[in-house]
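# Structural overview for review
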Amino acid sequence: MQAFNYDHTGYDIRSELQDANRYTWHYLSQPGNWWSAEEKIAIAKETRQATQCAFCQQRKLAISPFAVKGTHEHGSKLPEAVVDIVHRIATDSSRLTKDWVQNLQKIGISSSHYVELLGVVVFIINIDTLHKGLGISLEPLPSPTAGQPSNYQPSELLSADAWVPMLNMKKLSPTEADLYADIRNKPTNVLLALSSVPDSVRCQRYLENRYYLPPKNILNARDNAGRAISRQQIEFVASRVSANNQCFYCTTSHSMMYQVTSEINGTKTDFKAITNPAGTESQDTLSLISNFVDALMQDDDSAIKLARQAIEKNINKAASVEISALVGSFQRMNRIANATGISLDGIVNAMSGEAQKELGLRSYQTSNTSTLSNPILSFLMRKFRKLLFRLLSK
């Protein structure tokens, strides 16, 4: 039977999501640049195990993630050091540090090994989250294909704006010409974060364009790419997930877009709803969405079921599919941003001063990688932002 067969689930899963899932399973089944296919599958198994690891839960509650000693509950035969990396990314990515990432080389984990491992972890979390949100059993992992890693590394890498090297877009090799061609070779830092391992970027972008939005739709604040929820709701989910994960990069970017979609479409913005506790008794749409997002991120099956039923009763079944997909997408994106220490892109930093201030985003540990925006520039960008996006929306 073909992987990701949803015929008997009761849900109409978009064909693009099915394609993305199958693309990812094929990616996992093949030898990578730095890990064999067997090792990639082992990393995937370990990612699933991390959610059940008692030591990870104990460490997450500690004041410092480096203060607690213990042993992980294994889901594979990977070395303990590799297991620890997988579990930290999966369960506590917002407290990773530059020193920790750079010290991995001392135990034989190069930056390229780390980036490819990171990709495997976040791709699995992305797809598994969709299934958990809809109460669908997790897809069995694919069988690994024999073969050795290629050890391929792009020739032009820069060590700037992140804890890991990224492609030098001014000296892009023909081998990597396809990675960002659809966005005129002008990727944001989160799209560059995995670029030292090009196949990871290819999988990342294939998922991103189908789980969130294709590039052609992103800057049009009126465009929801035909999804079952509005563009404003899409950006709200992205912001809520990112805030829950303490991801400064994504919370800033998407809370700003949440605000812009409100301005462009002439609708009300409940800005504080991004971070406020959801009202469990409230039946307004944002509270229902917040409850579903939060339950899914807490991995509580009974709470997920109740929250999903409320979405399907008050909105529709297609909305629960889209929200589950978006939560998965930003569980992926947040971990990429948090685990690579990327800095916030300058134009977004300038346009998002209000969001950063109102939501207290500079209190996030993950904000340390981004400079403070110039207050005068932020004021001017705030004044002209609506006009800019109105033009883009046309």
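These figures come from a predicted structure and were not determined experimentally.

## Looking at the pattern of salt bridges
Close approach of charged atoms allows side chains of opposite charge to pair. Overall, the coordinates contain 13 salt bridges when judged by the stated rule. Measuring nitrogen to oxygen at the nearest pair gives 3.0 Å for the salt bridge that ties Arg95 to Asp92. Asp92 carries the same exposure label as Arg95, and that label is buried. The salt bridge partner of Lys132 is Asp299, with a shortest N-O separation of 3.4 Å. One end of the pair, Lys132, is in helix α6 (residues 111-133); the other, Asp299, is in the loop between α12 (285-298) and α13 (301-314), with 167 residues separating them in the sequence. Given the relative accessible area of 27%, Asp299 is considered partly exposed.

## Observations concerning the environment of Leu326
Its location among the elements puts Leu326 in helix α14 (residues 317-340). The spacing of Leu326 and Ala238 is 88 residues in sequence and 6.7 Å in space, taken between C-alpha atoms. If near-sequence neighbours (up to four positions away) are discounted, Leu326 is found in contact with Tyr211, Tyr212, Ile229, Ile234 and Val237.

## Some points on the state of the cysteines
Going through the model one piece at a time under the given rule, you end up with zero disulfides. Free of any disulfide, Cys53 has its nearest cysteine sulfur in Cys56, 3.7 Å distant. Owing to a relative accessible area of 0%, Cys53 belongs among the buried residues under this scheme. With no disulfide of its own, Cys250 has Cys247 as its nearest cysteine by sulfur position, at a separation of 3.7 Å.

Thresholds, definitions, all that
Residues numbered from 1 in each chain as written. Predicted model: local features only at pLDDT ≥ 70, side-chain atom pairs only at ≥ 80, totals over all residues. Heavy atoms only, no water. Salt bridge = Lys/Arg side-chain N within 4 Å of Asp/Glu carboxyl O. Buried < 20%, exposed > 50% of the residue type's maximum accessible area, 1.4 Å probe, protein only. Helix = DSSP H or I, 4+ residues; strand = E, 2+ residues; numbered from the N terminus. Contact = heavy atoms within 4.5 Å. Disulfide = S-S within 2.5 Å.

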